[in-house]
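# Breakdown of the fold
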Amino acid sequence: MTQVIHQARQLRALGAGAGPVCVVMTMGALHRGHAALIEQARGQAGAGQVIVTDFVNPTQFGAGEDYARYPRTLEQDVVLATAAGADVVYAPDVADVYGFADPSALNSLITIDPGPIGSILEGAARPGHFAGVLTVVAKLLHLTAADIAIFGEKDYQQLSLITAMVNDLHFPVEVIGAPTVREDDGLAMSSRNRYLDPAQRAAAAVIPAALRAVQDSAGLGEHAALEAGRAVLDSQPDVELDYLTITAHDLGPAPASGAARVLIAARIGSTRLIDNMPVVLGA
Ligand code: PAF
């Protein structure tokens, strides 16, 4: 039976399992993509413990973003997490994680500086976002005493930065990236997909289609591949492109040839979606 707890002191009281503690961090509104992460965690933990954190972290949202309207669906989340194999769902309030509930006090926190990679792509569009993400991830790694943490590749920049933080700051944690789970039309699963109305949801399929076009043309080189992706996006005027770019695996400049990553961010109405795929650039 999955245990639902709301306080860090209850986490500390959990007995040591007969294997590693494997954590899946979420902001709730769980979907099949999260279920896949939790199932993977179950496999990694064996007789150890799978802890799912369910917390909408205020410090990673900028002014005017969707913190207040972000879906909060704890009851359904517990059902999904239980079916996927979680032992514990930790669903704290802001005070339990940050020590105070007053949002104005959140500005005076000690935070983790994400470094230069934290201010490109999503970091450029959402200043302060990755400082908020890394700070809460660091806290949750400590609070859960995780041995292993699994994050989805859908948030590729986030996964890269968390991996770098854990390595650079010597956290005793193994970070594992898990493949993106997609809908039948290729759209990456995301809690924010539920903001889309039916017409917007149909239009959103152009995002993975553009990434596939980049993949398919990557043999022709970076420029031609990006052109192919943009041509697909141009066929759908309801999707407003923020960026479509190819980088190295570590988000540095794209190599002239070889393995790389294509990343996209686009807005449909007021909903901003991100996605990415691996590409192999030709010479
Ligand atoms: O990917 C998310 O859902 C969040 O950024 C995370 C990692 C749970 C931190 O709040």
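Residues numbered from 1 in each chain as written. Predicted model: local features only at pLDDT ≥ 70, side-chain atom pairs only at ≥ 80, totals over all residues. Heavy atoms only, no water.

## Here's the deal with the overall build of the protein
- A count of helices and strands for the protein gives 10 helices and 9 strands.
- Taken over C-alpha atoms, the radius of gyration comes to 19 Å for the protein, in line with the 19 Å a tight globule of 283 residues would show.
- The principal-axis extents of the C-alpha atoms in the protein amount to approximately 55 × 40 × 35 Å.
- The burial tally for the protein puts 54% of its 283 residues in the buried class.
- Counted over contacts in the protein with a minimum sequence separation of 6, partners at least 24 positions apart contribute 71%.
- About 12,600 Å² of surface is accessible on the protein, with carbon and sulfur atoms providing 54% of the total.
- Charge-centre separation for the protein: the mean point of 18 positive side chains lies 3 Å from the mean point of 30 negative side chains. (Helix = DSSP H or I, 4+ residues; strand = E, 2+ residues; numbered from the N terminus. Rg over C-alpha atoms; globule rule 2.2 N^0.38 Å. Buried < 20%, exposed > 50% of the residue type's maximum accessible area, 1.4 Å probe, protein only. Contact = heavy atoms within 4.5 Å. Areas by Shrake-Rupley, 256 points an atom, 1.4 Å probe, with all protein chains shown as cover. Lys, Arg positive; Asp, Glu negative; His and termini not counted. Charge placed at Lys NZ, Arg CZ, Asp CG, Glu CD.)

## Quick word on the sheet that holds strand S8 (residues 258-268)
- Strand order across the open sheet formed by 3 strands is S7-S8-S9, with antiparallel pairing between neighbours. In the strand order of this sheet, the two ends are held by strand S7 (239-247) and strand S9 (271-281), each with one partner. Shown here is a sheet whose adjacent strand axes are inclined to one another by a mean of 15°, direction ignored.
- Across 11 bridges, the pairing between S8 and S9 is antiparallel. Note that in S9 the partner of Ala-259 across the bridge is Val-280.
- Strands S7, S8 and S9 of the sheet are contacted by helix H9 (residues 206-217), whose axis makes an angle of about 15° with S9. (Pairing = 2+ DSSP bridges. Axes fitted to C-alpha atoms, helices over the stretch in contact; angles between N-to-C directions.)

## Let's talk about helix H2 (residues 32-45)
- The end-to-end C-alpha distance of H2 is 20 Å, a good match for the 20 Å that 14 residues give at a rise of 1.5 Å each.
- Three or more residues of H2 are buried, namely Gly-33, His-34, Ala-35, Leu-37, Ile-38, Ala-41 and Ala-45.
- On its buried face, H2 is in contact with strand S2 (21-26), strand S3 (49-54), helix H3 (74-84), strand S5 (148-152) and strand S6 (174-178). (Expected span 1.5 Å × (residues − 1).)

## A word on unusual backbone geometry
- Even without a glycine there, the phi angle at Leu-121 is positive, about 50°.
- For Leu-121, a relative accessible area of 16% gives the class buried.

## Description of the sheet that holds S6
- Spatially, 6 strands are ordered S1-S4-S3-S2-S5-S6 in an open sheet, and the strand pairing comes out parallel. The sheet is open, and its two borders are formed by strand S1 (3-5) and S6, each paired with just one other strand. The average undirected angle you get between the axes of adjacent strands in this sheet is 25°.
- Examined bridge by bridge, S1 and strand S4 (residues 88-90) share 3 bridges and lie parallel to one another. In the strand pairing of S4, Val-4 is matched with Val-89.
- Where helix H7 (residues 156-168) meets the sheet, it contacts S5 and S6, and its direction lies at approximately 165° from that of S6.

## Observations regarding the site of the ligand
- Around the ligand lies a shell formed by Met-25, Thr-26, Met-27, Asn-57, Gln-60, Val-136, Phe-151, Asp-155 and Gln-158.
- Between the ligand and Gln-60 there is a distance of 2.6 Å, counted from an oxygen atom to a side-chain nitrogen or oxygen.
- In the environment of the ligand, an oxygen atom lies 2.7 Å from a nitrogen or oxygen atom belonging to the side chain of Gln-158. (Near = heavy atom within 4 Å. Polar contact = N/O pair within 3.5 Å; in protein donor to acceptor, adjacent residues only side chain to side chain.)

## Regarding the packing of helix H6 (residues 129-144) against H7
- Between H6 and H7, the least distance of the axes is 10 Å, while the angle of their chain directions is 55°. What the angle tells us is that H6 and H7 run oblique. Both H6 and H7 take part in a crossing whose hand is right-handed. In this structure, H6 uses Phe-130, Val-133, Leu-134, Val-137, Ala-138 and Leu-141 to contact H7, whose residues at the interface are Gln-157, Gln-158, Leu-161, Ile-162, Met-165 and Val-166.
- Residue composition of the contact of H6 with H7, by class: 10 nonpolar, 2 polar and no charged. (Parallel < 35°, antiparallel > 145°, perpendicular 65-115°, else oblique. Left-handed = near helix turned anticlockwise from the far one by under 90°. Nonpolar A, V, L, I, M, F, W, Y, C, P; charged D, E, K, R; others polar.)

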